[in-house]
Amino acid sequence: MKKINLLIVILVISAILTGCGNKTANVSDGNSVLIQFGDTKITKSDLYKEMMDADSGASVINLVEKYLLDTEVETTDEIKVEANKRLEDIREQMDGDLSAVLKSYGFDTEDELLQQIVYAVKSDILVDRYIEEKIDDIYKEYAPFKAKIIYISIDTTEDSDGTLAYEEAKKALASIKNGESFETVAEEYSDKSDLAEETLYNSNSTIDYNVLKYAQTVDSPSLSEIIASNDKKGYYICQVTVTNREQLKEDFIDSLKKDTNFTNEIDTYYFRQHNFTVYDVLTESYLEKNYPTYLKPEVTDTDNQAE
């Protein structure tokens, strides 16, 4: 679930738009002049178009998400207590003065800020609920594991065919197999020292494809043989340290909550569950460009035949 932004520019779509059915909408009395500056007159239609150009549909998503959270998560006393606690944490960080925060995010009162925090708490609850309900599928999709990695690059100026680098990799692997710690060997041989730290990875991690492919073939802590990098520029040694689901669970879930792609998947799921539909052509065009997954996929003739 995408975090609700503290600053939300609320479009007055409900006041401006009158639904006309089947993905069309008119700006009610769109030629009415709202603003005049010199000889320039700005109508409702002009204002709506300018707002959408500047906003690119973000406020529509944020506004609907607030309705979604209110529908899915009741505002309980526990949520209010947690929101107040978070507000006090912010106050403490600001040495008791929230004026800078209020000004920065466009709030007039602390109550407005508190209400936004309530939505943040609700968002966290909905994310937790989704993960709990879908955890088996999530594990299958992400296949998490922890590993330490050594990388030995090929210096093409002196080692055109990679023989020297491969010999170094052999020495490093032998040292590990003889009982020397992975970290010590990495300090001596690895060209990417940060990879030697135990790290949580999953099927979407940006690590070498061949290393990832190896890690996904093992179901218990294991030490790889020498792995040629996918780009042919070096060699890897991978020590998978944790594969147990329960041992991975806490860190894995924490990582999911920080993964924008994952939280957007949650948005997509709930928006479609609630039949999110847009009846304005301009709004829909912005959402198709910037938030396409939130919209229901078009039903094709093939889909109808399958049903």
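Before reading on, note that the structure itself is shown above.
Conventions we followed
- Residues numbered from 1 in each chain as written.
- Predicted model: local features only at pLDDT ≥ 70, side-chain atom pairs only at ≥ 80, totals over all residues.
- Heavy atoms only, no water.
- Helix = DSSP H or I, 4+ residues; strand = E, 2+ residues; numbered from the N terminus.
- Expected span 1.5 Å × (residues − 1).
- Buried < 20%, exposed > 50% of the residue type's maximum accessible area, 1.4 Å probe, protein only.
- Contact = heavy atoms within 4.5 Å.
- Pairing = 2+ DSSP bridges.
- Phe/Tyr/Trp six-rings, centres within 6.5 Å; stacked < 30°, edge-to-face > 60°.

Draft legend 1. Main features of helix α10 (residues 245-257). With 13 residues, α10 ought to run about 18 Å at 1.5 Å a step, and its terminal C-alpha atoms sit 17 Å apart, in line with that. Of the residues making up α10, those classed as buried are Leu 248, Phe 252, Ile 253 and Leu 256. Turning to α10, the residues buried within the fold contact α6 (110-142), β5 (145-153), β6 (199-201), β9 (234-242) and α11 (260-273).

Draft legend 2. Fine view of the pairing of strand β3 (residues 33-37). With four bridges connecting them, β3 and strand β4 (residues 40-43) associate as antiparallel partners. Opposite Gln 36, over in β4, you have Lys 41 as the bridge partner.

Draft legend 3. Molecular detail of the packing of aromatic side chains. Applying the stated criterion across every chain yields a total of 13 aromatic pairs. With centroids separated by 6.1 Å and ring planes inclined at 65 degrees, the aromatic side chains of Tyr 130 and Phe 262 adopt a geometry described as edge-to-face. Remark: Phe 262 occurs in helix α11 and Tyr 130 occurs in helix α6; sequence separation between them is 132 residues. Grouping residues by exposure puts Tyr 130 and Phe 262 together as buried. Aromatic pair Tyr 139 and Phe 252: ring centres 5.0 Å apart, planes at 50 degrees, arrangement tilted. A residue pair is termed long-range when its members are at least 10 positions apart, and Tyr 139 in helix α6 and Phe 252 in helix α10 qualify at 113 residues. Like Phe 252, Tyr 139 is buried.

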